[in-house]
Amino acid sequence: MDFKALGIPKAQWVEGNILRGNKLAQEIRKIIKEKISSASQKPGLAVILVGENPASVIYVNQKEKAAREVGFHSQVLRLPSNTTENDILSLIQELNDNPLIHAILVQLPLPPHLHEEKILQSILPQKDVDGFHYENVGKLYAKNPTARIPCTPLGIFVMLSLLEIPLVGLHAVVLGRSRIVGKPMAQLLLDYCNTTVTMCHSKTKHLDKIISSADILVSAMGQQDVVKSNWVKEGAIIIDVGIHRKEGKLEGDLNFEELCPKASYITPVPGGVGPMTIAMLLWNTLQNFHELYGL
Ligand code: GUN
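Below: a short report on this structure. (Residues numbered from 1 in each chain as written. Predicted model: local features only at pLDDT ≥ 70, side-chain atom pairs only at ≥ 80, totals over all residues. Heavy atoms only, no water.)

Next up on the list: the site of the ligand. The ligand sits among Leu105, Val106, Gln107, Leu108, Asp130, Phe132 and Ile180. In this structure, Gln107 approaches the ligand through a side-chain N or O atom, which is 3.1 Å from a nitrogen atom. Asp130 is positioned such that a nitrogen or oxygen atom in its side chain is 2.6 Å from a nitrogen atom of the ligand. In the complex, the protein chains occlude 83% of the 280 Å² of accessible area that the ligand would expose alone. The class makeup of the residues in the shell around the ligand is five nonpolar, one polar and one charged. (Near = heavy atom within 4 Å. Polar contact = N/O pair within 3.5 Å; in protein donor to acceptor, adjacent residues only side chain to side chain. Areas by Shrake-Rupley, 256 points an atom, 1.4 Å probe, with all protein chains shown as cover. Nonpolar A, V, L, I, M, F, W, Y, C, P; charged D, E, K, R; others polar.)

What follows is the structure in structure tokens.
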């Protein structure tokens, strides 16, 4: 996982202490586009969207556009919310067998009548781009370099790697324990950054004390107004994964205005972690493509 080899200088995407994920994502997309421009076959990404959850509709449209822009074969299957589990499992089976498709993503959340786990585990681990298949979860845990890693924590890891600052031994605090962000984020910080990791969640006691000792703070709570800005240490690296629509504007979990002056680095919302998630979806699709062809 040597992302430093991408050779993207900080000047391209770090402005003062602000980590412009949108600019870094643009550079990564350019690299992916160049890598496949001369390939005889294109990496293929299939996205399955069940129902019309408004946020999911927006995310899936963004994924489709990004995949097309880099020159991937992109297929979006938009299914009605009453689609049966068997229909989805048959569709995934077809995509597993389809040689033009190298990556399959089922957009979450699924409608409540569908068994999320059964559906996610039916995707071939080699075509999993989210890193949700147990084989990939286990590989990440075992520090196996062929693990597919969930796109949001992978994007954060890339940003931290490209900052080229020593992270070894720092205290990283992760807020949130989801399988999409919190847990894989903690694993990456532990095994690939050599930080000391504390995971916090809604039942954590003395959150203020834990946060006040964080050198790196990753907020993936999906909730605003939990963290008081004065808990955060001067000079901390602050990564905000939250997205909230407030009076027509997008905001993160944390108070950017208050935290920016005290952070050594900070991600904005929008334009921080979100675009990196999409860039990593493309990155993982390309990795699947290479592995399936033994390249
Ligand atoms: N819904 C919100 N984020 C994600 C993601 O990273 N992957 C999938 N499959 N669904 C999501």
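The next point concerns the pairing of strand S7 (residues 196–200). Taken together, the five bridges between strand S6 (residues 171–175) and S7 define a ladder with parallel strand orientation. Bridging from a neighbouring strand, Leu175 pairs with Cys200 of S7. Taking the sense of rotation as the criterion, the β-α-β connection linking S6, helix H7 (residues 182–191) and S7 turns out right-handed. (Pairing = 2+ DSSP bridges. Helix = DSSP H or I, 4+ residues; strand = E, 2+ residues; numbered from the N terminus. Right-handed = clockwise from strand over helix to strand, strands pointing away.)

Of note, Thr198 is situated in strand S7. Taking the C-alpha atoms as reference points, Thr198 and Asn17, separated by 181 residues in sequence, lie 24 Å from one another. Those residues in contact with Thr198, other than ones at most four positions away along the chain, are His171, Ala172, Val173, Val174 and Ile210. Reaching out from Thr198, the side chain makes a polar contact with the side chain of His171 at a distance of 2.7 Å. (Contact = heavy atoms within 4.5 Å.)

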